[in-house]
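Here's the letter readout for the chains.
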Amino acid sequence: MLRKAAISALRRNASNTSISGQARGLMTYVPSPGDARRQTVTLIPGDGIGPEVTGAVTRIVEALGAPIQWERFDDFGGLDSNGKPVTTVPKEVLDSIRRNQVCLKGTLFTPLSKTTATESLNVQMRKNLDSHINLVHGFSLKGLPPGVIRHQDIDIVVIRENTEGEYSGLEHEVVPDVIESLKVITSVKSRRTAEYAFGYAYLNNRKRVTAVHKANIMKMSDGLFLKEFREVAKQYPMIESSEIIVDNTCMQLVGKPEQFDVLVTPNLYGNLVANVVAGLCGGAGVVPGANVGDNVAIFEQGARHVGKDIAGKGIANPLATLLSTSMMFRHLNLPDFSDRLENATLAVVQSGDTSLLTPDLKGTGTTATFTNAVIKQLEKKSKGRYD
Amino acid sequence: MRRSLLGAASVLKSNAIAPESLVSRGFAHTPGQPFTATLFPGDGIGPEIAESVKKVFSAVGASVQWDEQRVGTTADPRTNSFVSRENLDSVLKHRIGLKGPMATPIGKGHRSLNLTLRKELQLFANVRPCFSIPGYKTRYDNVNLVTIRENTEGEYSGLEHEVVPGVVESLKIITRVASTRVAEYAFKYAADNNRHKVTAVHKANIMKMADGLFIKCCREVKEKYPDIQYEEVIVDNACMQLVKNPAQFDVLVMPNLYGDIISDLCAGLVGGLGLTPSANVGHMGLALMEAVHGTAPDIAGQDKANPTALLMSSVMMLRHMGENDMASRIQNATLDTIAEGKYRTGDLGGKSTCSDFTKAIIDKL
């Protein structure tokens with residue numbers, strides 16, 4: 001009974017900055033000896049707004065004093081120093097990510113060139129590292145300036161298979177002016193995606209997992225995806241499972257997004273659905289994401305827009321990348337750093353002071369004003385657990 | 001193309017589908033003359049809403065003869081679908097048709113009904129105007145766009161096979177012929193209907209050859225229309241922008257799959273499929289208008305259905321034939337009835353029955 005009272009006291013006192021209302025327990029986090037060592041994380045600033053937002057993140061992480069050491073690859077981008085498109089991801093980058101197992105990434109630009117028959121750099125990285133799950137967490141933040149978002153009560157996680165499907169890169173010209181593009185769906189990958197989705201839901205106390213598909217038209221490919229989904233669902237009887245066709249999903253999302261909890265999708269639909277969710281929650285600057293595989297986790301914005309039109313202007317919103325970094329800290333078993341970063345960041349966003357926020361949130365501030373505000377927030381004496 | 005909110009309602013009402021006359025090259029009809037049109041009432045709520053349309057048409061004085069067609073309950077071997085050869089021949093003869101909702105089974109052997117109609121009648125473009133309905137508030141109140149979707153190839157080619165157990169390949173086909181055809185339609189539509197911008201939606205950064213060909217064709221057609229603005233947007237960004245600020249879009253032209261998803265998304269912005277008209281366009285003026293919502297089996301036969309989508313589609317049908325006066329009268333009566341708010345069906349938050357709603361429209365005519 002004492003514990004219950006203490007927990008409700010803590011909940012009452014803690015400001016409503018936790019996004020999905022995840023309860024932070026009263027019990028302390030017990031590290032193993034040596035856990036406080038500096039961990040090396042690969043850092044890829046990338047192109048467009050990438051360097052600006054990752055710059056903001058590194059400043060804030062330093063102010064936070066987290067035990068992170070960055071292994072930086074500032075030169076890696078969509079275009080090399082001569083302005084030519086980069087066609088392969090450098091081996092050093094891939095080796096670094098495999099070694100460190102965790103990476104923070106800005107945005108990588110794919111030149112829309114008809115002559116390069118190569119895959120985009122992002123797709124190459126995913127396939128090489130087999131980061132087969134793309135997770136995007138969309139939520140409607142309270143306290144945003146009016147007009148930024150039109151819905152409240154959104155808390156959706158989109159789990160998207162990220163290595164096969166329509167992005168197999170297998171295209172060819174059958175005869176002149178007739179192109180075939182292959183979409184590949186395998187039971188192995190569909191299964192592991194479904195398993196990740198249900199595992200995620202189970203570990204995060206989520207109530208329902210919904211598969212997004214178009215099996216009424218693509219009967220075999222999406223049919224296979226659904227088959228694996230249904231079989232995995234049987235292993236998690238405590239979690240509700242449902243299915244919805246992708247066009248209906250988009251329509252329901254713009255009308256009533258509160259009805260969705262966890263969505264699991266094949267590659268292409270996941271891209272579209274995650275972008276719809278991101279748009280509903282404030283855009284590419286708000287929603288965090290992660291790419292996960294066996295022994296690899298890459299954290300970046302949920303919506304991977306390079307933002308070339310705002311690059312260099314200093315107005316990019318680092319919120320999404322910061323929240324993604326907070327997710328990264330949790331993944332690295334640094335829960336307190338995760339909480340502090342999340343709380344400080346959200347305190348600034350929800351402060352009501354639009355001079356601190358970037359234009360995409362209807363603010364008049366810049367990347368720098370936002371970053372400085374978060375650092376200032378971190379420097380404030382933070383409430384301890386027992387205050 | 002921003003319209004101030006104050007003027008929006010009246011501007012939207014008069015322009016809403018007013019300029020939407022479809023390309024009717026080759027469709028011979030003199031306004032005022034009697035005509036025959038194929039009617040597929042469909043399943044579920046289909047027959048009820050088809051009844052509404054018939055009543056409204058006779059109230060407005062249209063001298064139409066409806067050639068009612070029913071799809072079969074078993075697959076016709078000539079078409080590999082429940083849609084029979086006779087159904088198809090009817091539309092081919094009359095050149096104009098109106099279709100209610102039909103059920104599509106998931107995962108079974110034969111071709112889906114809609115797919116069959118589109119393929120056999122060579123309905124190469126699906127046109128859906130989406131506009132905020134005056135008086136019916138959604139979270140998005142300044143939407144006025146048209147989605148034009150390639151309707152015959154792309155991901156819906158139906159070509160799938162299991163390579164080895166557990167590995168399935170599905171073919172997406174993009175051809176110059178189909179891409180150019182839909183791009184030309186889109187630009188001509190924009191020109192004929194006083195639209196200023198055409199946006200091509202694609203994923204050519206990933207599907208370089210397939211979607212690359214699609215946008216190449218769009219760019220080539222653009223050359224013939226120097227007065228129309230043209231832009232290209234990647235489909236994921238398009239989705240995000242539509243949800244953040246749909247007013248920035250005018251005419252959207254897309255390959256099949258993105259078109260399907262985005263046109264439903266746009267319908268969701270303005271209130272759902274119960275309100276959205278849709279037209280499938282073929283060669284030489286052939287057109288099949290349809291209500292794109294589902295069959296709603298849970299409310300079928302209870303007089304609760306909302307006939308607006310089918311009515312608006314029939315308005316598009318009349319405009320396609322040049323019967324603009326009748327079309328505008330039905331359109332205005334329908335939109336006025338919804339705007340007034342006294343008679344609204346359940347899906348719009350009201351309690352009216354389908355027949356009462358229809359009667360209210362007829363009273364306004």
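Coordinates for the structure precede this section.
Let me sum up the structure you'll find in this document. Keep in mind that what you see is a predicted model, and the values were worked out from it rather than measured.

Section: the interface of chain A and chain B
Okay, step 1: Taken together, the contact between chain A and chain B spans 58 residues of the former and 57 residues of the latter.
Okay, step 2: Carbon and sulfur atoms make up 66% of the area that chain A and chain B hide from each other, which totals about 5000 Å².
Okay, step 3: Applying the counting criterion to the chain A and chain B interface returns two salt bridges.
Okay, step 4: A:Lys214 is the partner of B:Asp260 in a salt bridge, and the nearest nitrogen-oxygen pair spans 2.7 Å.
Okay, step 5: Taken together, the links from chain A to chain B amount to 19 residue pairs in polar contact (both at pLDDT 80 or more).
Okay, step 6: Going through the elements one at a time, strand S6 (171-175), strand S7 (178-186), helix H6 (221-234), helix H7 (246-255) and helix H8 (267-280) of chain A are the ones with two or more residues in the side of chain A that touches chain B.

Some thoughts on a nonpolar patch on the surface
Residue and element names in this part refer to chain A.
Okay, step 1: Together, Tyr202, Leu203 and Met238 give the surface a local cluster of nonpolar side chains, amounting to about 400 Å² of exposed area.
Okay, step 2: Its place among the elements puts Met238 in the loop between H6 and strand S9 (240-245).
Okay, step 3: On the basis of relative accessibility, which here comes to 54%, the residue Met238 falls in the exposed class.

Quick look at the sheet that holds strand S1 (residues 39-46) of chain A
Residue and element names in this part refer to chain A.
Okay, step 1: Read from one edge to the other, the open sheet built from 10 strands follows the order S2-S1-S3-S12-S11-S4-S5-S10-S8-S9, with strand pairing classed as mixed. Only two strands of the sheet have a single partner each, and these edge strands are strand S2 (68-72) and S9. Within the sheet, the average angular offset between the axes of one strand and its neighbour, ignoring direction, is 25°.
Okay, step 2: Pairing of S1 with strand S3 (residues 102-107) involves four bridges; the strand directions are parallel.

Quick word on helix H3 (residues 85-94) of chain B
Residues and elements named next belong to chain B.
Okay, step 1: Turning to H3, its buried residues number three or more, namely Asn87, Leu88, Ser90, Val91 and His94. All buried residues of H3 project into a common sector of 155° when viewed along the axis, lining one side.
Okay, step 2: The inward-facing, buried residues of H3 contact strand S1 (35-40), strand S2 (64-68), strand S3 (96-99) and helix H4 (113-120).
Okay, step 3: Directly after H3, the chain includes Arg95, whose backbone phi takes a positive value near 70°.

Considerations on the sheet that holds S7(A)
Okay, step 1: The sheet built from four strands is open, its strands ordered S6(A)-S7(A)-S7(B)-S6(B) with antiparallel pairing. Of all strands in the sheet, those bounded by a partner on one side alone are S6 of chain A together with strand S6 (160-164) of chain B. Between one strand axis and the next, the sheet turns by 35° as a mean value, whatever way the strands run.
Okay, step 2: Where S7(A) meets strand S7 (residues 167-175) of chain B, nine bridges bridge the pair, whose relative direction is antiparallel.

Parameters at a glance
- Residue numbers run consecutively from 1 along every chain, following the written order of its sequence.
- All chains are assigned letters beginning at A, and all ligands numbers beginning at 1, according to the order in which they are written.
- Side-chain atom pairs in this predicted model are given and counted only at pLDDT of 80 or more, local residue features only at pLDDT of at least 70, and totals for whole chains, interfaces and linings cover all residues.
- Side-chain figures throughout are based on the complete set of non-hydrogen atoms in the structure, without hydrogens or water.
- We call two residues contacting when some pair of their heavy atoms lies within 4.5 Å.
- Note on definitions: buried area is the accessible-area loss of two parts on being combined, 1.4 Å probe, summed for both.
- When a carboxyl oxygen of Asp or Glu is within 4 Å of a side-chain nitrogen of Lys or Arg, the pair counts as a salt bridge.
- Pairs of N or O atoms are called polar contacts if they sit within 3.5 Å, as long as, within protein, a hydrogen donor faces a hydrogen acceptor (for residues adjacent in sequence, only side-chain-to-side-chain pairs).
- Helix numbering and strand numbering both begin at the N terminus, where a helix is a DSSP run of H or I of at least 4 residues and a strand a DSSP run of E of at least 2.
- Residues with no salt bridge and a relative accessible area higher than 30% make up the patches, which join like charges within 9 Å and nonpolar side chains (Val, Leu, Ile, Met, Phe, Trp, Tyr) within 5 Å.
- Each accessible area is a Shrake-Rupley result for a 1.4 Å probe, and residues are judged covered by the shown protein chains and nothing else.
- Exposure is judged per residue with a 1.4 Å probe applied to protein chains only, and the accessible area is read against the type maximum: over 50% gives exposed, under 20% gives buried, and values in between give partly exposed.
- We treat two strands as partners when DSSP finds at least two bridges between them.
- Axis definition: a line fitted to C-alpha atoms, over the contacting stretch in the case of helices. Angles run 0 to 180 degrees between N-to-C directions.
- The arc under discussion is defined with respect to the helix axis, by the directions toward the C-beta atoms.

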